[in-house]
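Chain and residue survey
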Amino acid sequence: MKKSVFLGALTVAGLAAAAAAAGTVDDVKARGKLNCGVTTGLVGFAAPDANGEWNGFDVAVCRGVAAAVLGDPAAVEFVPTTGKTRFTALASGEIDMLARNTTWTFSRDVDLKFTFVGVNYYDGQGFMVPKDLGVSSAKELDGATVCIQTGTTTELNLADFFRSNNISYEPVPIETNAEAQQQYLAGACDVYTTDASGLAATRATFEDPAAHVLLPEIISKEPLGPLVRHGDNEWGDVVRWTLNALITAEELGVTSANIGEMAAGTNNPEINRLLGTEGTLGEMLGLDAEWAKRAIMAGGNYGEIFAKNIGEDTPIGLARGLNAQWTEGGLLYSPPFR
Amino acid sequence: MTTITDPPRQSFQLSMLLNDTRYRSFTFQAIALILLIVAIAYLASNLARNLEQAGLNISYEFLRNPAGYDINQTLIPYDSQSSNLQAAWVGILNTLLVAFLACITATVLGVVAGVLRLSNNWLVSKLMSFYVEIFRNIPVLIWIIIIFTIMTAVLPAPRAFRGDEPAASMLFGSFAFTNRGIYIPGPQLANPLFAATALNWVLVLLVLVGSSFGSRALSRWATAKQEATGLRPTTWYWTLAIWFVPVVVLLAIMGLSWEYPALKGFNFSGGIKIGGPLIALWFALSVYTGAFIAENVRAGIQAISKGQTEAAASLGLRPGRVMNLVVLPQALRVIIPPLISQYLNITKNSSLAIAVGYADITATLGGITLNQTGRAIECVLLLMLFYLTISLAISFVMNIYNNAVKLKER
Ligand SMILES: N[C@@H](CCC(=O)N[C@@H](CS)C(=O)NCC(=O)O)C(=O)O
């Protein structure tokens with residue numbers, strides 16, 4: 001019995017590593033589907049709607065890549081992952097890329113050997129408490145019971161924050177956002193902490209969102225972005241430049257509404273290079289000339305995706321803040337298409 | 001005179017390895033062994049090659065690095081700056097704690113339910129069958145989650161105890177039942193004999209062990225007296241004294257007092273906290289495994305021939321004593337071996353702890369540490385080693401016990 005478990009573990013580990021070899025673009029094309037890892041459900045970022053159709057800010061990145069590589073934004077197999085399972089899923093080759101509000105950190109890049117292709121949301125860790133608790137600052141949380149998602153950076157930041165402020169807390173480790181929400185609402189913990197965007201998205205689904213407040217402290221930097229395995233740079237480039245295409249499209253004013261007209265040719269050479277009417281960028285990437293055009297048409301440019309899923313007109317109501325274009329005082333800055 | 005000549009010794013031929021039954025089994029065992037070794041070697045080298053290709057290596061260095069996360073139930077000193085190894089120890093102790101508690105309660109529950117299931121009282125025996133069938137046939141993970149969910153939903157949050165007109169209040173002013181756990185008064189020593197708190201309690205335990213030897217000696221003396229004179233001296237007050245006087249005196253010297261839990265800030269503090277996850281896991285493992293043990297006990301009892309019961313009854317023993325003195329001791333022989341595997345099941349099933357956020361070894365080393373360091377293979381190997389060691393240790397101890405109660409052939 002024990003021996004067979006051991007053999008099983010070895011086999012899985014052996015096979016898993018084998019699957020991680022290069023050639024992901026070809027694999028995806030041969031399969032006709034992109035396997036994209038997303039959350040188990042965080043409305044606004046990635047969640048299935050009533051028809052089972054996945055929607056959200058992170059989902060849009062998957063769809064953009066699928067449109068660029070396969071020509072069909074619907075050709076995506078969404079694989080729900082928890083904070084704990086996501087890296088194994090990616091490392092083992094079960095998914096081709098991960099777009100699951102995952103923080104770019106040194107050790108995930110260098111030690112776990114993943115390539116973060118960019119940042120699609122600049123975030124930070126926040127705290128949410130029920131209003132009637134009467135807490136106005138995270139420093140008043142001494143002795144509180146805190147719900148956290150296990151396997152996240154959140155878990156580590158939390159320990160650091162309480163330690164450096166010399167206050168104590170009791171962690172309640174939880175696997176998914178849905179469970180955390182349930183525990184928090186039942187009062188099994190006083191505070192829920194995760195990325196501020198995630199808190200806003202979670203609160204938007206509450207029956208009475210106004211009864212909960214986000215505390216002013218943001219205790220960490222959480223640059224969230226899509227990632228792929230180390231070792232397949234061609235595939236990394238495809239995902240990286242698809243994300244950059246969405247960002248650049250907003251910067252250059254290319255939207256899903258005017259893209260048809262712009263694809264006929266404009267007098268801005270960068271737009272022409274982006275949309276494939278000039279130069280051979282698509283070919284260099286191993287794709288056709290219209291890859292970026294399709295990616296943008298899948299869900300609009302970065303700004304459109306933001307506004308539709310998590311922007312100020314949605315129940316989640318996030319402001320652009322740090323996630324505005326650099327020209328608007330934000331941090332979004334795509335390298336040039338040249 | 002007869003001469004017995006040895007049959008002519010046939011010289012060994014290679015074909016005999018297959019054709020001769022004396023050698024055949026060895027041949028096949030050797031082949032199987034070689035195949036197994038080759039298979040393991042192949043998988044191991046495949047693993048090593050693939051790890052190298054992915055630029056990964058096997059290293060246990062991470063065990064010495066700070067863990068960086070906090071744990072909500074720690075039986076030994078631990079904070080977020082402690083090493084991953086220390087976190088693993090915290091997990092190991094938590095696993096052992098819940099397994100130990102669950103083994104005891106499951107055994108009590110199982111023996112009671114198993115005996116009562118054979119009761120002549122229709123209602124009682126049907127109730128027990130109901131218990132056994134319900135709990136045995138629903139996976140233990142579901143039970144853990146059901147119990148935990150009910151607990152968090154039904155019991156009040158600590159917040160409800162606050163204010164002038166609180167929605168909830170403590171039982172007898174000293175027990176608080178909240179959806180985060182149960183808070184009970186805890187013992188406090190005003191003038192402990194040792195600086196390390198644990199040592200004082202070890203001392204108390206040693207005194208109790210001494211008392212148990214004392215009372216055993218007393219009852220041996222009483223039996224000897226009974227055999228000599230036919231009259232058993234009354235000893236119960238002596239037994240009571242042997243059990244209680246030394247401990248009470250020791251505790252009085254150490255200045256025992258009770259610390260009551262009180263609401264302070266967000267949570268209760270003071271006294272002892274039995275966390276919600278521990279309760280849910282303990283309770284679920286107990287009732288689930290208890291149902292299996294009940295069946296083992298029933299089988300054990302039914303394996304004892306009816307003649308034994310009838311003979312005991314005809315000697316004038318009351319039904320309770322027939323069960324305790326005649327049937328159960330014999331039934332133990334049948335009950336113990338499957339009981340061992342139930343104990344192993346409890347220990348292994350305790351790894352479902354993560355479902356309710358209980359910090360056992362699977363949750364610390366195999367969960368957070370694995371995930372934060374990415375050292376999956378190393379952690380899983382350690383986990384396997386741990387569970388294997390614990391299982392073998394339990395089997396070992398229980399086998400000693402089994403040898404003690406099994407039929408003695410003289
Ligand atoms: N950014 C952090 C935390 C990511 C995280 O777990 N986010 C939560 C809430 S914002 C989530 O996406 N949960 C969805 C789920 O449970 O699947 C990390 O990368 O470790």
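It should be emphasised that the depicted structure is a prediction, and the values quoted were computed from it without experimental measurement. (Residues numbered from 1 in each chain as written. Chains lettered and ligands numbered in written order. Predicted model: local features only at pLDDT ≥ 70, side-chain atom pairs only at ≥ 80, totals over all residues. Heavy atoms only, no water.)

1. Digging into the overall build of chain A
A tally of regular secondary structure across chain A gives 14 helices and 14 strands. A compact globule built from 338 residues should have a C-alpha radius of gyration of about 20 Å, and chain A, at 21 Å, falls within 12% of that. Overall, chain A is about 60 × 55 × 40 Å in size when its C-alpha atoms are taken along their principal axes. The buried share of chain A, reckoned over its 338 residues, is 56%. For chain A, the proportion of contacts with a sequence separation of at least 24, taken over those separated by at least 6, is 71%. If you sum the accessible surface of chain A, you get close to 13,400 Å²; carbon and sulfur atoms cover 53% of it. (Helix = DSSP H or I, 4+ residues; strand = E, 2+ residues; numbered from the N terminus. Rg over C-alpha atoms; globule rule 2.2 N^0.38 Å. Buried < 20%, exposed > 50% of the residue type's maximum accessible area, 1.4 Å probe, protein only. Contact = heavy atoms within 4.5 Å. Areas by Shrake-Rupley, 256 points an atom, 1.4 Å probe, with all protein chains shown as cover.)

2. Side note on a nonpolar patch on the surface
Residues and elements named next belong to chain B. Side chains of L205, L208, V209, F213, W236, Y237, W238, L240, W243, F244 and V248 sit close together on the surface and give an oily, nonpolar patch of about 1,200 Å² of accessible area. Those elements that place two or more of their residues in the nonpolar patch are α6 (197-229) and α7 (236-254). Of the residues forming the nonpolar patch, the biggest block, seven residues, is contributed by α7. (Patch = residues over 30% accessible without salt bridge, like charges linked within 9 Å, V, L, I, M, F, W, Y side chains within 5 Å. Salt bridge = Lys/Arg side-chain N within 4 Å of Asp/Glu carboxyl O.)

3. Considerations on the pairing of strand β9 (residues 144-149) of chain A
Residues and elements named next belong to chain A. Along β9, six of the six residues are buried, which leaves the element largely enclosed by surrounding structure. Residue alternation in β9 divides its side chains into two sets, A144, V146 and I148 and T145, C147 and Q149, and both sets are buried. Here β9 pairs with strand β10 (residues 169-174) via six bridges, running parallel. Directly across from T145, in β10, lies its bridge partner E170. Taken together, β9, helix α6 (residues 153-164) and β10 constitute a β-α-β crossover, and its handedness is right-handed. Two strands pair when backbone bridges link them, and β9 and strand β11 (residues 191-195) are joined in this way by two bridges, in the parallel orientation. Paired with V146 across the bridge in β11 is V191. (Pairing = 2+ DSSP bridges. Right-handed = clockwise from strand over helix to strand, strands pointing away.)

4. Some words on the sheet that holds strand β7 (residues 272-275) of chain B
All names here are of chain B. What the three strands build is an open sheet, ordered β1-β2-β7; its pairing is antiparallel. Unpaired on one side and paired on the other, β1 (176-178) and β7 mark the two borders of the sheet. Neighbour to neighbour, the strand axes of the sheet diverge by 15 degrees on average, direction disregarded. Examined bridge by bridge, strand β2 (residues 181-184) and β7 share four bridges and lie antiparallel to one another. Looking across to β7, one finds that Y183 is bridged to K273. Across the sheet, helix α8 (residues 276-302) is in contact with β2 and β7; its angle to β7 comes to roughly 55 degrees. (Axes fitted to C-alpha atoms, helices over the stretch in contact; angles between N-to-C directions.)

5. Some remarks on the domain arrangement of chain A
All names here are of chain A. We note that the domain assignment places domain 1 (21-122 + 224-328) and domain 2 (125-220) within chain A. Relative placement of domain 1 and domain 2: their C-alpha centres are 29 Å apart. Across the contact, 19 residues belong to domain 1 and 16 residues belong to domain 2. For the pair domain 1 and domain 2, the two sides together bury roughly 1,200 Å², of which 60% comes from carbon and sulfur. Together, L42, K84 and I316 form the three largest contributors to the area buried by domain 1 at its contact with domain 2, with a combined 30%. (Domains from an automatic or database assignment. Buried area = accessible area lost by both parts, 1.4 Å probe.)

6. Points about the site of the ligand
Residues and elements named next belong to chain A. Of all residues adjacent to the ligand, which total 22 residues, the nearest are T40, T103, T153, N177 and D195. A distance of 3.1 Å is found between an oxygen atom of the ligand and a side-chain nitrogen or oxygen belonging to Q149. A distance of 2.8 Å separates an oxygen atom of the ligand from a polar atom in the backbone of T153. Out of a free accessible area of 510 Å², the ligand has 100% covered by protein chains. Mapping the shell around the ligand onto the domain boundaries places at least three of its residues in each of domain 1 (21-122 + 224-328) and domain 2 (125-220). (Near = heavy atom within 4 Å. Polar contact = N/O pair within 3.5 Å; in protein donor to acceptor, adjacent residues only side chain to side chain.)

7. Points about the sheet that holds β9 of chain A
All names here are of chain A. Taking strand neighbours across the sheet as the criterion, the five strands line up as β10-β9-β11-β8-β12 in an open arrangement whose pairing is mixed. Two strands in the sheet have a free side with no partner beyond their single neighbour: β10 and β12 (212-214). Strand after strand, the sheet turns through a mean of 30 degrees between neighbouring axes, direction not considered. Packing of α6 onto the sheet brings it into contact with β8 (125-130), β9, β10 and β11, and relative to β8 it is tilted by some 80 degrees. Against the sheet, helix α8 (residues 196-204) contacts β8, β11 and β12, and its axis sits at roughly 125 degrees relative to β11.

8. What to know about the side chain of E155 of chain A
For E155 of chain A, the location among the structural elements is in helix α6. No salt bridge is formed by the buried E155 of chain A, whose closest oppositely charged neighbour, R108 of chain A, lies at an N-O distance of 7.9 Å. Residues contacting E155 of chain A, with those up to four places away along its chain left out, are I148, Q149 and T150 of chain A together with G68, Y69, I368 and Q372 of chain B. (Lys, Arg positive; Asp, Glu negative; His and termini not counted.)

9. Remarks on the state of the cysteines
All names here are of chain A. Within this structure, the stated rule accounts for two disulfides over all chains. Put simply, C36 and C62 are joined by a disulfide, and their sulfur atoms are 2.0 Å apart. As the torsion about the S-S bond is roughly -60 degrees, the C36-C62 disulfide counts as left-handed. Residue C36 is located in strand β1 (residues 34-38), and its partner C62 is located in helix α3 (residues 57-70); the two are separated by 26 residues in the primary sequence. Two residues share a disulfide in this structure: C147 and C189, whose sulfurs sit 1.9 Å from each other. The disulfide joining C147 to C189 has a torsion of about -95 degrees about its S-S bond and is therefore left-handed. Separated by 42 residues along the polypeptide, C147 in strand β9 and C189 in the loop between α7 (177-185) and β11 bring together distant segments of the chain. (Disulfide = S-S within 2.5 Å.)

10. Observations concerning the packing of aromatic side chains
What characterises a pair of aromatic rings is the spacing of the ring centres plus the angle enclosed by the ring planes. According to the stated counting rule, one finds 26 aromatic pairs over all chains in the structure shown. Residues Y183 of chain B and F268 of chain B carry aromatic rings whose centres are separated by 5.1 Å and whose planes lie at 40 degrees to one another, so their mutual orientation is tilted. Of the two residues, Y183 of chain B sits in strand β2 while F268 of chain B sits in strand β6 (residues 267-269), which places them 85 residues apart along the sequence. In terms of burial, Y183 of chain B and F268 of chain B fall into one category: buried. Summarising the aromatic geometry, the rings of F386 of chain B and Y387 of chain B are spaced 5.1 Å apart at their centres and angled 70 degrees between planes, so their arrangement reads as edge-to-face. Each member of the pair, F386 of chain B as well as Y387 of chain B, carries the same accessibility label: buried. Grouped by ring-pair contacts, the aromatic residues F45, F57, Y121, Y302 and F306 of chain A constitute a single cluster. The ring of F306 of chain A is capped by R320 of chain A, whose NZ or CZ atom sits 5.1 Å from the centre of that ring. (Phe/Tyr/Trp six-rings, centres within 6.5 Å; stacked < 30°, edge-to-face > 60°. Lys NZ or Arg CZ within 6 Å of the ring centre and 35° of its normal.)

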